[in-house]
Amino acid sequence: MTEAVRTLRDELVGRGLVDGLPAAFLAGITRFGRPPQEELDRLAADVAGLAGRLASGETGDGDLPLLTRVLYVAGHADLLAAHGVLSPAYDVLGSFRDNLARPLGPRLPERPTTRRRWPLLGRTVGFPIGIPACVLNGSEAWVRHNVANGWNVLTYKTVRGRAHPPNEQPNWVVAARETASLAPGADADVVADPWDWAAPGSAAISSVNSFGVPSPEPAEWMADLSRALAAVGDEQLLLVSVMGEGEDLAADFARTALMAQEAGATVVELNLSCPNTLSTSGVKPPLCLDADATVAVVEHVRRSLDDRTGLVAKLSWLDEQRLSALVPRLAPLVDGIAGINTVQSRVRRSDGSATFPGRELAGLSGIAVRDPALDFTRRLVALRDAGGARFDVLAMGGVTDPTSFEALIAAGAGAVQSAAGAFADPLLAQKCITELGETL
Ligand SMILES: Cc1cc2nc3c(=O)[nH]c(=O)nc-3n(C[C@H](O)[C@H](O)[C@H](O)COP(=O)(O)O)c2cc1C
């Protein structure tokens, strides 16, 4: 039996947790709705069998996948990390607030590093892999955790100029049926149930999310951001993503970007591509589909910030016509262009009801958007080079293993980030550094 299964079993038995596992697991599985009865019965039988084997000491190596899922869903993911077992890096059953202070998943005893440095946005960084703006970078605690695991290019989760609550839970659901990439530009019709699961470490991960860009109030995030910036070293770059709202959108973007700069940010990223903004008539399309509004925002922010503060525009996947119209207008204003954001998609449960109650549309990412991200990056780099522009490309979308990381670097990205891939495998940066650190 692997050491991890044995030590986990000993701890569960020693702390008297085994008897409560089936009920805690089933409460987690049904937290946001009931799976079909047949599936529920099968899961109940599986967890009862596992609890029996844990109690009698008959667990074996084959139990690790189920034990991992059961402990994660039952709220014991911290035990998995403590025993060196991979688990998803975020508690999708917990609230946005609960997760802010509590990074999940294993933490390496020694930070993976390389001797070489790479140029990025006027600085140099260690191995150019990171985690983009998302809840995995929502606070100082997460930034410290990610740095310890070898992630060097981090973007602090999008914040706003006033406090904003998250959408109703669930906010983040594994899209277990999306195990291959969509074609660039294809419409996605996703079926995803809140109880779906992907094995940690899986390179075939896709997910859908509908957080609605929650934000603490500025006094809170500015203080936290200052501490996060102080916590990163020479090998890392911490960008800060901001978003404006309201009638005078460009002015609110600029006001929020100035708050980030005041807190110490040296590079501000503008979230021009959010697929989860609610309006009275439903979920709105991403801002960057409107080139004039996008350029107005970027111009206003560039004028407002200090010249020394770097500026990055984050875009969604855009078709040929839209991207080639927008990039020449953005190029003189920015130091970098990031993309792609999640792909706005129609998302339903297997019974046809809404996965995210009240929101038909949500953001799809992970392997499902790998080809769109590669296509976007190639076209973006070609447009940059054809126009003689000098901005860096921060590429993301579907990076779940070293090969998909390397493909975006080969396409011309200065650095590559992973959200869904980092959720499924918090040790993905280490894997990429081990495999490519000497040769990239
Ligand atoms: C749970 C979740 C939350 C996200 N939140 C944000 C956000 O606040 N701001 C933003 O610009 N992008 C956000 N994103 C998009 C990611 O930064 C990234 O662009 C996208 O997920 C594609 O990368 P991936 O395929 O590696 O997930 C979020 C993505 C996920 C999965």
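Before any of the text, the structure's been laid out above.
As the structure is a computational prediction, the values presented were derived from the model and not from experiment.

(A) Up close: the overall build of the protein. When its secondary structure is counted, the protein shows 15 helices and 17 strands. Taken over the C-alpha trace, the protein has a radius of gyration of 21 Å; the compact-globule value for 440 residues is 22 Å, and the two agree within 12%. Overall size of the protein, expressed as C-alpha extent along the three principal axes, is 70 × 50 × 40 Å. Within the span of the protein, comprising 440 residues, buried residues form 53% of the whole. Restricting to contacts in the protein with at least 6 residues of sequence separation, those with at least 24 account for 73%.

(B) Just the sheet that holds strand β7 (residues 206–209), in detail. Judged by pairing direction, the sheet is mixed, and its 5 strands sit side by side in the order β5-β7-β15-β14-β6 without closing on themselves. Where the open sheet ends on each side, the last strands, each with one partner, are β5 (172–174) and β6 (189–191). Adjacent strand axes in the sheet meet at a mean angle of 40° when their direction is disregarded. Note that β7 and strand β15 (residues 361–366) share 4 bridges and pair antiparallel. The residue bridging asparagine 209 from the neighbouring strand is glycine 363, located in β15.

(C) Quick peek at helix α1 (residues 3–14). For α1, built from 12 residues, the straight-helix expectation of 16 Å at 1.5 Å per residue is met to within 8% by its first-to-last C-alpha distance of 16 Å. Taken residue by residue, α1 has Val5, Leu8, Arg9 and Leu12 as its buried positions. Along α1, the residues classed as buried sweep out an arc of 100° about the axis, all on the same side. Among the exposed residues of α1, those pointing more than 90 degrees away from its buried face are Glu3 and Gly14. Looking at the buried residues of α1, the elements they touch are α3 (37–56), α4 (64–73) and α5 (77–82). One or two positions beyond α1, positive phi appears at glycine 16, with a value near 65°.

(D) Molecular detail of the packing of α3 against α4. Axis separation between α3 and α4 bottoms out at 11 Å; the angle between their running directions is 105°. The angle between α3 and α4 falls in the class roughly perpendicular. Of the residues in α4, those in contact with Asp46, Val47 and Leu50 of α3 are Leu66, Leu67 and Val70. Residue composition of the contact of α3 with α4, by class: 5 nonpolar, no polar and 1 charged.

(E) View of the sheet that holds strand β13 (residues 336–339). Spatial ordering of the closed barrel is given by β3-β4-β8-β9-β12-β13-β16-β17, a layout of 8 strands whose pairing is parallel. Across the sheet, the axes of successive neighbouring strands diverge by a mean angle of 25°, strand direction being ignored. Two strands pair when backbone bridges link them, and strand β3 (residues 129–131) and strand β4 (residues 153–159) are joined in this way by 2 bridges, in the parallel orientation. By the bridge assignment for β4, glycine 130 is matched with valine 153. Lying on the sheet, helix α12 (residues 370–386) is in contact with β13 and β16 (392–396); it crosses β16 at an angle near 175°.

(F) Quick look at the environment of asparagine 137. Inspection of the secondary structure puts asparagine 137 in the loop between β3 and α7 (140–148). In this structure the C-alpha to C-alpha distance between asparagine 137 and alanine 82, which are 55 residues apart in sequence, comes to 21 Å. Asparagine 137 has contacts with Ile131, Trp142, Val143, Asn146, Leu154, Thr155, Tyr156 and Lys157, leaving out every residue within four places of it along the chain.

(G) Spotlight on the nonpolar core. Core analysis: the biggest nonpolar cluster contains 137 residues, and Leu136, Ile337 and Leu408 have the highest contact counts within it. Both domains that furnish three or more residues to this core are identified here as domain 1 (3–85) and domain 2 (103–436). With sequence-adjacent residues up to four places away left out, isoleucine 337 is seen in contact with Val312, Ala313, Leu315, Leu330, Leu380, Phe391 and Val393.

(H) Looking closely at the pairing of strand β8 (residues 237–242). Taken across its 6 residues, β8 has 6 buried, putting it largely inside the fold. Along β8, one buried face is formed by Leu237, Leu239 and Ser241 and the opposite face, lined by Leu238, Val240 and Val242, is buried too. In the sheet, β4 pairs with β8 via 5 bridges, with the strands oriented parallel. Along β8, the bridge assignment pairs valine 159 with valine 242.

(I) Main features of the packing of helix α9 (residues 249–262) against helix α10 (residues 291–304). The interhelical angle for the contact between α9 and α10, taken along N-to-C directions, is 40°, at an axis separation of 8 Å. Considering the angle they form, α9 stands oblique to α10. Once α9 is placed against α10, the crossing between them reads as right-handed. Only Ala293, Ala296, Val297, His300, Val301 and Ser304 of α10 make contact with α9, whose side of the interface consists of Leu249, Ala250, Ala251, Phe253, Ala254, Ala257 and Leu258.

Each value, and the rule that gives it
Residues numbered from 1 in each chain as written. Predicted model: local features only at pLDDT ≥ 70, side-chain atom pairs only at ≥ 80, totals over all residues. Helix = DSSP H or I, 4+ residues; strand = E, 2+ residues; numbered from the N terminus. Rg over C-alpha atoms; globule rule 2.2 N^0.38 Å. Buried ≥ 20, exposed ≤ 12 C-beta atoms within 10 Å, placed from the backbone. Contact = placed C-beta atoms within 7 Å. Pairing = 2+ DSSP bridges. Axes fitted to C-alpha atoms, helices over the stretch in contact; angles between N-to-C directions. Expected span 1.5 Å × (residues − 1). Arc of directions from axis to C-beta. Parallel < 35°, antiparallel > 145°, perpendicular 65-115°, else oblique. Nonpolar A, V, L, I, M, F, W, Y, C, P; charged D, E, K, R; others polar. Core = buried A, V, L, I, M, F, W, Y, C linked by C-beta atoms within 7 Å. Domains from an automatic or database assignment. Left-handed = near helix turned anticlockwise from the far one by under 90°.

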